[in-house]
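Each chain, letter by letter, is given below.
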4 protein chains.
Amino acid sequence: MASTTVETRVRYGETDQMGVAYHAHYLVWCELARTEHMRRLGVRYRDFEERGFKLAVSEASLRYSRSAHYDDLLQVTAWLAEVGSRLVVFEYTVERDGALLCTARTALVCLNRDNKPVRMPPDVLAIMESSTP
Amino acid sequence: MASTTVETRVRYGETDQMGVAYHAHYLVWCELARTEHMRRLGVRYRDFEERGFKLAVSEASLRYSRSAHYDDLLQVTAWLAEVGSRLVVFEYTVERDGALLCTARTALVCLNRDNKPVRMPPDVLAIMESSTP
Amino acid sequence: MASTTVETRVRYGETDQMGVAYHAHYLVWCELARTEHMRRLGVRYRDFEERGFKLAVSEASLRYSRSAHYDDLLQVTAWLAEVGSRLVVFEYTVERDGALLCTARTALVCLNRDNKPVRMPPDVLAIMESSTP
Amino acid sequence: MASTTVETRVRYGETDQMGVAYHAHYLVWCELARTEHMRRLGVRYRDFEERGFKLAVSEASLRYSRSAHYDDLLQVTAWLAEVGSRLVVFEYTVERDGALLCTARTALVCLNRDNKPVRMPPDVLAIMESSTP
């Protein structure tokens, strides 16, 4: 499973007075695709947190090329770009009917309940590694 | 101390494509004033949660009369309208230079760590009662 | 068509440190259902705005009974409760697998491009009236 | 005027169930500082839009090092890093009492009313150039 695509429709409250989707919301949409990609790989993030681990965003970058408008149906795709024992990198595209609106990349570190960086649990690490190019 | 007024400036991301502040954000602004009012009464909400209690919104109502625009400096006022051992009611106004934009009211229930409704701690209850008309 | 139900999954960014969905987001979810209900009736809100009209929320009230958690799949239902020439009232429920989390009600006024209250266009009014109990 | 610092307090709705501020909100806070920096330079963004120009974010990157918590008072600093006739780059730090939480950078392009990239108005360009290292 190279990547996962989810669809989301731009909400009214996600627009701003420029008449387009506000730039910060793309990070939220990327997370929707990341969560679904992990779920399809067999890692439900909700369970991951209940086991006492979290993935905290340590870096994010976005490149916006076209605007998204209210009520647009967007295709958001996520895939794993790099996996280490303590850090994973996801990449994303946000598209509308084949037109690229945005590319993005986030690095996430694995933390324990005390918010200390730790190695990911072996089963999760194995799944992620096997899905990374 | 009958009420507390805080100022907040409408953020770009709080506007929508109608060119005005999106209606859901008024609840956020009301919370800013509520938190400051409690802080001035001597109840820092952050400490309240650390003691194992929370105040969860159980009812909210808003009446919007004029729009708020990007970069507007708003005056948000909160006061206690009713206090019971398990439930408190705050009321609010959102104004811009004397013009009334919105009135609101929220009821909050006191919950413990297990999210069960409980009586408020006596010291907090006493403070709130003494500040209620 | 008495009502329309949409499904939405609670996003991570919609939770707060209480571990539940933040109360202001319910207004956003209600809007998702309202928009879809109008779309199914034949009134695409996007087109409505392009014709020079808007529906601005003038009153909102919410009653929260149970919390929504991260990743919960919610069913949000909207229906028309009252229709006048200048004002429409929608009501809502937010449920999770049959359990009621929240009921809500919003009144919306029809505005023209200059943000003046106006009568709704006759075709839209007729559609809405025919769908109201 | 090398840079401008604004203070903002982490709102309850800006936290997530990890108990820290959700990562997307840092972009909102950066904008608060950017807007104030421009205002102090003499360019009120609100007026800039009324003249028919906008600045749209074309790239954003953030590096998170420490978490922000509910009710934390943050210092957000913005400065101009690069200025061209059609594109400006701002850089940012988000700090809490001297501890660095995040560094960020956004590139913005100047658009006209039709969302076409255009040269910035000469007076604004001159102001920005004179404030850039």
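In this report, the structure presented in the accompanying data block is examined. Everything numeric in this text was worked out from a predicted model, so none of it was measured.

1. So, the nonpolar core
No. 1: Of all hydrophobic cores here, the largest spans 95 residues; its most connected members are B:W29, B:L55 and C:L55.
No. 2: When residues of this core are assigned to their parent elements, the largest contribution, 9 residues, is made by helix α1 (residues 25-41) of chain B.
No. 3: Contact partners of B:W29, with chain neighbours within four places excluded, come to B:T8, B:V10, B:E14, B:A21, B:A68, B:L74, B:V76, B:V94 and D:R11.
No. 4: Among the nonpolar cores identified, the runner-up in size contains 94 residues, and D:V6, D:Y26, D:L101 and D:C110 belong to it.

2. Regarding the pairing of strand β4 (residues 87-96) of chain C
Residue and element names in this part refer to chain C.
No. 1: Judged by how many residues are buried, β4 sits mostly within the fold: 7 of 10 residues are covered.
No. 2: Across 8 bridges, strand β3 (residues 73-83) lies against β4 in antiparallel orientation. For Q75, the partnering residue across the bridge sits in β4 and is E95.
No. 3: The pairing of β4 with strand β5 (residues 99-111) spans 10 bridges and is classified as antiparallel. Note on β5: the bridge partner recorded for V94 is C102.

3. Examining the relation of the copies chain D and chain A
No. 1: Between the two copies, chain D and chain A, the superposition gives an RMSD of 0.0 Å; the rotation angle is 180 degrees and the shift along the axis is 0.0 Å. What we have between these two chains is a two-fold relation. Distance from the rotation axis, computed per C-alpha, reaches its smallest value in chain D at D:S61: 2.0 Å.
No. 2: A shared interface surface links the copies, since 100% of the contact residues of chain D are contact residues in chain A too.

4. Some remarks on helix α1 (residues 25-41) of chain A
Residue and element names in this part refer to chain A.
No. 1: In this model α1 runs 25 Å from its N-terminal to its C-terminal C-alpha over 17 residues, within 8% of the 24 Å that 1.5 Å per residue would give.
No. 2: In terms of burial, α1 is largely enclosed, as 13 of its 17 residues are buried.
No. 3: G42 occupies a position one or two residues after α1 and carries a positive phi of about 110 degrees.

5. Thoughts on the interface of chain B and chain A
No. 1: In this assembly, 9 residues from chain B lie in contact with 9 residues from chain A.
No. 2: Interface area, chain B with chain A, both sides summed: about 930 Å², of which 56% is carbon and sulfur.
No. 3: It is B:Y12, B:G13 and B:Q17 in chain B that bury the most area against chain A; as a group they hold 60% of the surface buried on that side.
No. 4: On the surface where chain B and chain A come into contact, there are 0 salt bridges.
No. 5: Inspection of the region where chain B meets chain A yields 6 residue pairs in polar contact (both at pLDDT 80 or more).
No. 6: Per-class residue counts for the side of chain B that touches chain A are 4 nonpolar, 4 polar and 1 charged.

6. Here's the deal with the pairing of strand β5 (residues 99-111) of chain A
All names here are of chain A.
No. 1: Judged from the 10 bridges that link them, strand β2 (residues 54-64) and β5 form a sheet pairing that is antiparallel. Note that in β5 the partner of L62 across the bridge is A104.
No. 2: In this antiparallel pair of consecutive strands, strand β4 (residues 87-96) and β5, the connection spans 2 residues, and D97 shows a positive phi of 50 degrees.

7. Quick look at the sheet that holds strand β3 (residues 73-83) of chain B
No. 1: The strand order β1(B)-β3(B)-β4(B)-β5(B)-β2(B)-β2(C)-β5(C)-β4(C)-β3(C)-β1(C) describes an open sheet built from 10 strands, whose pairing is antiparallel. The outermost strands of the open sheet, each flanked by one partner alone, are β1 (4-9) of chain B together with β1 (4-9) of chain C. Direction aside, neighbouring strands of the sheet carry axes that sit 25 degrees apart on average.
No. 2: Sheet topology places β1(C) next to β3(C); 6 bridges connect them, and they run antiparallel.

8. Section: the sheet that holds β4(A)
No. 1: Read across the open sheet, the 10 strands follow the order β1(A)-β3(A)-β4(A)-β5(A)-β2(A)-β2(D)-β5(D)-β4(D)-β3(D)-β1(D); overall the sheet is antiparallel. The open sheet has two edge strands, β1 (4-9) of chain A together with β1 (4-9) of chain D, and neither has a second partner. Between one strand axis and the next, the sheet turns through 25 degrees on average, direction left out of account.
No. 2: Packed onto the sheet, α1(A) meets β1, β2, β3 (73-83), β4 and β5 of chain A together with β2 (54-64) of chain D and runs at close to 65 degrees relative to β3(A).

9. Some points on unusual backbone geometry
With glycine set apart, most residues show a phi of negative sign, and most peptide bonds adopt trans.
No. 1: Within the chain, A:D71 stands out as a residue other than glycine whose phi angle is a positive 75 degrees.
No. 2: By secondary structure assignment, the location of A:D71 is in the loop between β2 and β3.

10. Observations regarding the packing of aromatic side chains
No. 1: Counted according to the given criterion, the structure contains 28 aromatic pairs over all chains.
No. 2: With a centroid separation of 6.1 Å and 80 degrees between ring planes, the pair formed by A:Y70 and C:Y45 is classed as edge-to-face. Of this pair, A:Y70 sits in the loop between β2 and β3 while C:Y45 sits in helix α2 (residues 45-50), on two different chains. An identical accessibility class is assigned to A:Y70 and C:Y45; each is buried.
No. 3: Judged by centre distance (4.7 Å) and plane angle (55 degrees), the ring pair of C:Y26 and C:W29 falls under tilted. Residue C:Y26 and its partner C:W29 are located together in helix α1 (residues 25-41), separated by 3 residues, close to a single helical turn. The residues C:Y26 and C:W29 share a single accessibility class, namely buried.
No. 4: The structure contains a cluster of three or more aromatic residues connected by ring pairs, namely A:Y12, A:Y70, C:Y45, C:F48 and C:F53.

11. Some details on the interface of chain D and chain A
No. 1: Chain D puts 21 residues into the contact, and the matching count from chain A is 21 residues.
No. 2: Overall, the association of chain D and chain A removes approximately 2000 Å² of surface from exposure, summing both partners, and the carbon and sulfur fraction of that is 55%.
No. 3: Counting across the interface, chain D meets chain A through 2 salt bridges.
No. 4: Taking the shortest distance from any N to any O, the salt bridge between D:R63 and A:E59 comes out at 3.6 Å.
No. 5: There are 8 residue pairs in polar contact (both at pLDDT 80 or more) connecting chain D and chain A.
No. 6: Ranked by the residues each element gives to the side of chain D that touches chain A, the list is headed by β2(D), at 11 residues.
No. 7: Looking at the side of chain D that touches chain A, its residues break down into 12 nonpolar, 4 polar and 5 charged.
No. 8: Taken together, the 5 bridges between β2(A) and β2(D) define a ladder with antiparallel strand orientation. Each residue of the ladder has a partner; that of A:A60, found in β2(D), is D:L62.

Thresholds, definitions, all that
Residues numbered from 1 in each chain as written. Chains lettered and ligands numbered in written order. Predicted model: local features only at pLDDT ≥ 70, side-chain atom pairs only at ≥ 80, totals over all residues. Heavy atoms only, no water. Core = buried A, V, L, I, M, F, W, Y, C linked by side-chain atoms within 4.5 Å. Buried < 20%, exposed > 50% of the residue type's maximum accessible area, 1.4 Å probe, protein only. Helix = DSSP H or I, 4+ residues; strand = E, 2+ residues; numbered from the N terminus. Contact = heavy atoms within 4.5 Å. Pairing = 2+ DSSP bridges. Least-squares fit on C-alpha atoms with pLDDT ≥ 70 in both. Expected span 1.5 Å × (residues − 1). Buried area = accessible area lost by both parts, 1.4 Å probe. Salt bridge = Lys/Arg side-chain N within 4 Å of Asp/Glu carboxyl O. Polar contact = N/O pair within 3.5 Å; in protein donor to acceptor, adjacent residues only side chain to side chain. Nonpolar A, V, L, I, M, F, W, Y, C, P; charged D, E, K, R; others polar. Axes fitted to C-alpha atoms, helices over the stretch in contact; angles between N-to-C directions. Phe/Tyr/Trp six-rings, centres within 6.5 Å; stacked < 30°, edge-to-face > 60°.

The quantities given are spatial measurements derived from coordinates; they are silent on function.
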